[in-house]
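Okay, here's what each chain looks like letter by letter:
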Amino acid sequence: MPPEPAALGAQDVAPRVRPGDPASGPLLDALAGWGPAETPAGPFQLVPVRLERDLSLISGWMNDPAVAAFWELAGPPGRTAAHLRTQLDGDGRSVPCLGVLAGVPMSYWEIYRADLDPLARYYPARPHDTGIHLLIGGVADRGRGLGAALLRATADLILDHRPRCGRIVAEPDLRNTPSVAAFLSGGFRFAAETDLPDKRAALMIRDRALRTVL
């Protein structure tokens, strides 16, 4: 079983912009400084991952069979660490984050520049398209509409802090019907079925222009 997540201290969730930190870079408009959003379940914040603090928790989530079926990162912590380091050592086009709800880390997110990602080869990408990957860590947090609420909050954070981003995209596995349903309930629309190298995906889009409609 993954370790029980502990509440993060104020020093861990305080928005901060550090020169040279990919999470503070221009490609995602200094995500590290965005701060929290209000949701029906409490304040929610994207907190950039720190390996020394977060690896055990994220690796535990990756070894949950329901998560492993789609993320394919089950195994020793080193496997998850390698996946995280690819982003943490990068240029900031993809930032791994804990989703912290009311002070407690309960989900894992990747916010990334979809137009600069290999995904852009498989759909008609536009400049500054921003992508989302996520997993809900705790079983108790699944299946009760929380994912949809957090997707809506995260999409709003992106649109609020990335004025050049006209839409947010996601590509959940078509077999992952709870994930697809959460995106639909969270204000995304189904755009197409897309064949990616590792899966057949549902291309989900949230348009800035439809933000107040969906």
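These figures come from a predicted structure and were not determined experimentally.

Analysis parameters
- Residues numbered from 1 in each chain as written.
- Predicted model: local features only at pLDDT ≥ 70, side-chain atom pairs only at ≥ 80, totals over all residues.
- Heavy atoms only, no water.
- Axes fitted to C-alpha atoms, helices over the stretch in contact; angles between N-to-C directions.
- Helix = DSSP H or I, 4+ residues; strand = E, 2+ residues; numbered from the N terminus.
- Parallel < 35°, antiparallel > 145°, perpendicular 65-115°, else oblique.
- Left-handed = near helix turned anticlockwise from the far one by under 90°.
- Contact = heavy atoms within 4.5 Å.
- Phe/Tyr/Trp six-rings, centres within 6.5 Å; stacked < 30°, edge-to-face > 60°.
- Buried < 20%, exposed > 50% of the residue type's maximum accessible area, 1.4 Å probe, protein only.
- Polar contact = N/O pair within 3.5 Å; in protein donor to acceptor, adjacent residues only side chain to side chain.
- Pairing = 2+ DSSP bridges.
- Core = buried A, V, L, I, M, F, W, Y, C linked by side-chain atoms within 4.5 Å.
- Nonpolar A, V, L, I, M, F, W, Y, C, P; charged D, E, K, R; others polar.
- Patch = residues over 30% accessible without salt bridge, like charges linked within 9 Å, V, L, I, M, F, W, Y side chains within 5 Å.
- Areas by Shrake-Rupley, 256 points an atom, 1.4 Å probe, with all protein chains shown as cover.
- Salt bridge = Lys/Arg side-chain N within 4 Å of Asp/Glu carboxyl O.

**Student:** Before we go on, may I ask you to explain the packing of helix α2 (residues 51–62) against helix α4 (residues 77–88) in this structure?
**Tutor:** Two quantities define a packed helix pair, namely the angle between the axes and the distance from one axis to the other. The contact between α2 and α4 brings their axes to 9 Å, and the two run at 120 degrees. In terms of axis orientation, α2 runs oblique to α4. Considering only the axes of α2 and α4, their crossing is right-handed. Side by side, α2 and α4 meet where Leu51, Leu55, Ile58, Ser59 and Met62 of the first sit next to Pro77, Thr80, Ala81, Leu84, Arg85 and Leu88 of the second.

**Student:** Is there a simple way to think about the packing of aromatic side chains in this case?
**Tutor:** Each pair of aromatic rings is reported with the distance of its centres and the angle of its planes. Applying the stated criterion across every chain yields a total of three aromatic pairs. Between Phe183 and Phe188, the aromatic rings sit 5.0 Å apart at their centres with planes inclined by 85 degrees, giving edge-to-face as the arrangement. For the pair Phe183 and Phe188, a shared accessibility class is recorded, and that class is buried.

**Student:** Can you help me understand the side chain of Ser107 in this one?
**Tutor:** Summarising the element assignment, Ser107 is placed in strand β4 (residues 104–113). Of the polar contacts made by the side chain of Ser107, one reaches the side chain of Trp109; its length is 2.8 Å. Sequence-distant contacts of Ser107, defined by excluding residues within four places in its chain, comprise Phe44, Trp61, Cys97, Leu98, Gly99, Leu135, Ile136 and Gly137.

**Student:** I would appreciate a short explanation of the pairing of β4 in the present structure.
**Tutor:** Note on strand geometry: in a regular strand, side chains alternate between the two faces of the sheet. Most of β4 is tucked away: nine of the 10 residues are buried. Judged from the eight bridges that link them, strand β3 (residues 94–101) and β4 form a sheet pairing that is antiparallel. In the sheet register, Ser94 faces β4, and the bridge partner there is Tyr112.

**Student:** Could you clarify how one ought to interpret the nonpolar core in this entry?
**Tutor:** Most often, soluble globular proteins have nonpolar side chains that are buried together. The biggest cluster of nonpolar side chains holds 34 residues, and the ones touching the most others in it are Leu46, Trp109, Ile132, Leu150 and Ile168. Going through the elements one at a time, β2 (42–48), β3, β4, β5 (130–136), α5 (146–161), β6 (167–170), α6 (177–185) and β8 (199–207) are the ones with two or more residues in this core. In terms of residues, this core owes the most to one element, α5, which gives eight residues. Formed by 19 residues, the second largest nonpolar core is a distinct cluster that contains Leu57, Leu98, Val100 and Leu135.

**Student:** How should the packing of α5 against α6 be read in this particular structure?
**Tutor:** Packing of α5 against α6 brings their axes to within 8 Å, and their N-to-C directions diverge by 50 degrees. One way to sum up the angle between α5 and α6 is to call them oblique. Between α5 and α6 lies a crossing whose hand is right-handed. Between α5 and α6, the contacting residues are Gly147, Ala148, Leu151 and Arg152 on the first element and Ala182, Phe183 and Ser185 on the second. Each residue belonging to the contact of α5 with α6 can be placed in one class, and the counts come to four nonpolar, two polar and one charged.

**Student:** What's the story with the side chain of Asp12 in this structure? I'm lost.
**Tutor:** Residue placement: Asp12 occurs in helix α1 (residues 10–13). Looking at Asp12, its side chain comes within polar contact range of the side chain of Arg53, at 3.2 Å.

**Student:** Teacher, can you tell me more about the sheet that holds β8 here?
**Tutor:** Within a sheet, each strand pairs with its neighbour through backbone hydrogen bonds, oriented either parallel or antiparallel. One open sheet accounts for eight strands, arranged β1-β2-β3-β4-β5-β6-β8-β7; its pairing is mixed. With partners counted over all chains shown, the strands left at the sheet margins are β1 (37–39) and β7 (189–196), one partner each. Adjacent strand axes in the sheet meet at a mean angle of 30 degrees when their direction is disregarded. As judged from the seven bridges shared by β7 and β8, these two strands associate in the antiparallel manner. Each residue of the ladder has a partner; that of Asp195, found in β8, is Arg200. In this fold α6 packs onto β5, β6, β7 and β8, with an angle of close to 10 degrees to the strand it touches most, β8.

**Student:** Just checking my understanding: could you explain a nonpolar patch on the surface for this structure?
**Tutor:** A grouping of Leu210, Val213 and Leu214 is seen on the molecular surface, where their side chains present a nonpolar patch of about 250 Å² in accessible area. Here Val213 lies in the segment after β8.

**Student:** Hey, could you run me through α2 in this one?
**Tutor:** An α-helix turns once every 3.6 residues. As a result, residues three or four positions apart point the same way. Within α2, nine of the 12 residues are buried, which leaves it mostly tucked inside the rest of the structure. Among all positions of α2, only Leu51, Asp54, Leu55, Leu57, Ile58, Ser59, Gly60, Trp61 and Met62 are buried. If you follow the buried residues of α2, they end up packed against β2, α3 (65–71), α4, β3, β4 and β5.

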